[in-house]
Amino acid sequence: MPASYAPPQSPQERPTRNPRQWQAALVLTLAPLFVSAAAESVSPHWVVDPAVPGADMPQAGASLFDRITIAADGRQQIPFPFDRLIARIEAAAGCSVDQPCTRAVLIPLGRSLQRVAASPDFFKYPRVVAAVVGEGHGQLLRDRLFVGFQQKTGVIEVISYNETLGRFEFQIVRNYAADRTAEVIYARRTVCLSCHQNQAAIFSQPVWLETNANPAVAERLAQTQPAFFGVAAQGNTDIAQSIDDATDRAGRLALTQRLWMDGCGDGAPGNACRRAALLASLQFALTGQRSYERSGESVAGRVSQTIAENSHTRWPGGLALPRADIPNRDPLDLHPGVTALSAANIDTRFDPLVPRPPEVIDVSSLGDRLVRGVADFWPARSRDALADVLERRSASIHRIRLPCHISGPAGLEQFDCKAPDGRIRGSLNRGSGTLDEVAIGDGDPVRHLPIAGVSRRAGTATWRVRSAGRRARLPSGNALERISLEWMMAATDMNGEASIEVRQDFAALVDLVTNVDTAQGPLASSLIDTLIAKLDGHEFAAARNVSPVAQVDSYAPAAAQSGELALQFESQCGACHHTAESTPPNFLSGSPQRVNAAIASCAPRIFARLAMRDVPSQRRAKSPMPPELPTATARAFKPHPADARALVELQVAVSAVLRREYGRNVALDELLRHGYEALRPCLPPATARETGHGRTDS
């Protein structure tokens, strides 16, 4: 018992205290509990929790990759070679060779699960990483489809969006080679989320030294061949930047979905909030993402108010968004004597398994983030189609007259017109000019619109306001029809009047959205197409249903005949290491004989990774296993939700395996004398071949 423990006193032995003393004692006793509860109450909440991966196989919908590769007859066909697969993706996006939507980099020495597959020919078999970063006239794939291909193993890792569930799916294409039949499976999300803590794609921070944007890497690749599957050996930072930006945007899709569903809330108020966010996002889209109506009693104001009220209850400490960025790493920053295989070893500082601090989002910005996030779900082709439909409809014209101050010589006038009804400001250059600012009432202004086609008569100038070939639009969603200036001629200073014609066509969209049911799960990009079709008087033709053909890795847990040690491992490590894939090492897969042989071979690496949990983070040679999990606060990590006692017992059991091999106890420092990468490969070739895959190290 604790040294401070004393047996309870009888009533006669208890010292008397006045009520104030009892209150003080009670406060001192309970204060730590209140402090702890208060700290917990203000901690940010995860947008997506890295510790909650969800089901490996989607329970509804299908990934975009499935939608692109599953034919009408239900068969999944993966074009080969890899450049043909990219061509299929480009076609689905409605892009072309002249205007591609995908960008790709080459990574010979990276940090993926396939990082040692090409050893020792890393620069002969670089990993190709491609992302859809642009839009065409087809499916919306921008920021929603990412692929990584390793030729040596014939493996493609795919991350693509499932709009039905509002999440990214993780898939693996294996046997992707000329003489094999490609097979697609849904990956173990637990494995994927160890690195993909944002449940989406990740990419290096600038300046992307692992990729062929690094001139030294590009030069080594070019010495092998000028291009790999259509990707030039000589890359550039613009390409890497575009992929980096796409992964950042992809990670924010989850934030939009969280605000759409939970931020707005349930019932009639939640539905009203989502409708208001939808309208504000359409205003934002129609202005070319310049602005939307936020002042006064705008629809966006109602969004912010509802989310502020809900977030005060749900997320008083804000929201934490896991980051898509991993630290920049130079794989060629090597010391003398480093072997090709050890060059692929990942220093703990750069290991994507290490928990990354999240982006903490202040609740005051959530309304604006929702509106802008919803607008990102509308493809450019749909935004254009919506504007075209609105322009075809009849609408009333509202005219506003403003007093003006006009200055400058004839043909080069500058004008500034304002009144409570609105304001315009800009300059003319004979037949063209710039509309620096235009606002109606107390609404937000639209800025920097071009002026063209000015019609002039004595003392007058009239023009239509166009943006990208269509009527320019105000934050209210309504279109600017025409602007006219009239003034009294003077040498250098003139007074006059402006007439602004506003085409009030957005009201039809407001009426339509009022009847939209937004309570049916995650936000989908097809919602805008449904609205456009109804506005144009016909029904929207939904995309065909696709049922996933791929299955999940169906390896069963270790059975009793596998032995006590295998059962110990299964409870703590089976989710990642009892799979059909050899990366991470599948030492729990196969026959009992294979499992025992694999554990014995992996024992030094397993022992070291388990022991890292007890080593201070700044001194770790490798990240610990099971991986630590990031927290939604400023703290770097929290323990993995594994059984701490079971892990200790497992470490003791692995120590016994090493003791049988060495004939004595082996210390961690002795094992790591020559570095972690010098330890023998985890799976020897014989055990790797039993499950049909090559050697791996981890």
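Please refer to the structure higher up on the page.
Residues numbered from 1 in each chain as written. Predicted model: local features only at pLDDT ≥ 70, side-chain atom pairs only at ≥ 80, totals over all residues. Heavy atoms only, no water.

(A) View of the state of the cysteines. In this structure the tally under the stated criterion is four disulfides. Between C404 and C417 runs a disulfide, and the two sulfur atoms are separated by 2.0 Å. Residues C404 and C417 share a disulfide whose torsion about the S-S bond is about 105 degrees; that sign makes it right-handed. Here C404 is found in strand β14 (residues 397-407), whereas its partner C417 is found in strand β15 (residues 414-419), with 13 residues between them in sequence. In this model C602 forms its disulfide with C682; the gap between the sulfur atoms is 2.0 Å. Disulfide C602-C682: torsion about the S-S bond near 120 degrees, hence right-handed. Of this pair, C602 sits in helix α15 (residues 592-611) while C682 sits in the loop between α17 (668-671) and α18 (685-690), and the two are 80 residues apart along the sequence. (Disulfide = S-S within 2.5 Å. Helix = DSSP H or I, 4+ residues; strand = E, 2+ residues; numbered from the N terminus.)

(B) Up close: helix α14 (residues 564-577). For α14, built from 14 residues, the straight-helix expectation of 20 Å at 1.5 Å per residue is missed by more than 12%, its first-to-last C-alpha distance being only 16 Å. The principal kink in α14, of about 70 degrees, is found at S571. Residues of α14 that are buried include every one of L565, A566, F569, E570, Q572, C573, G574, C576 and H577, and no others. For α14, the elements touching its buried residues are α4 (189-195), α15 and α16 (644-662). (Expected span 1.5 Å × (residues − 1). Bend = angle between axes of the 7 residues up to and from the residue. Buried < 20%, exposed > 50% of the residue type's maximum accessible area, 1.4 Å probe, protein only. Contact = heavy atoms within 4.5 Å.)

(C) Layout of α16. Over its 19 residues, α16 extends 27 Å from the first C-alpha to the last, a length consistent with the 27 Å expected when each residue adds 1.5 Å. Burial in α16 covers these residues: A646, L647, L650, Q651, A653, V654, A656, V657 and L658. Buried residues belonging to α16 abut α14, α15 and α17. Backbone geometry just downstream of α16 places G663 in the positive-phi region, at approximately 80 degrees.

(D) Seen up close, the packing of aromatic side chains. Throughout the structure, instances matching the rule amount to ten aromatic pairs. Their ring planes at 15 degrees and their centres at 5.0 Å tell us that F82 and F149 sit as a pair that is stacked. In this pair, F82 is assigned in helix α3 (residues 82-93) and F149 in strand β4 (residues 145-150), connecting sequence segments 67 residues apart. Its relative accessible area of 1% is what places F82 among the buried residues. Using a relative accessible area of 2% as the deciding quantity, one classes F149 as buried. Where F569 meets F587, the ring centres are 5.4 Å apart and the plane angle is 75 degrees; that geometry is what we call edge-to-face. Residue F569 is found in helix α14, and its partner F587 is found in the loop between α14 and α15; the two are separated by 18 residues along the sequence. (Phe/Tyr/Trp six-rings, centres within 6.5 Å; stacked < 30°, edge-to-face > 60°.)

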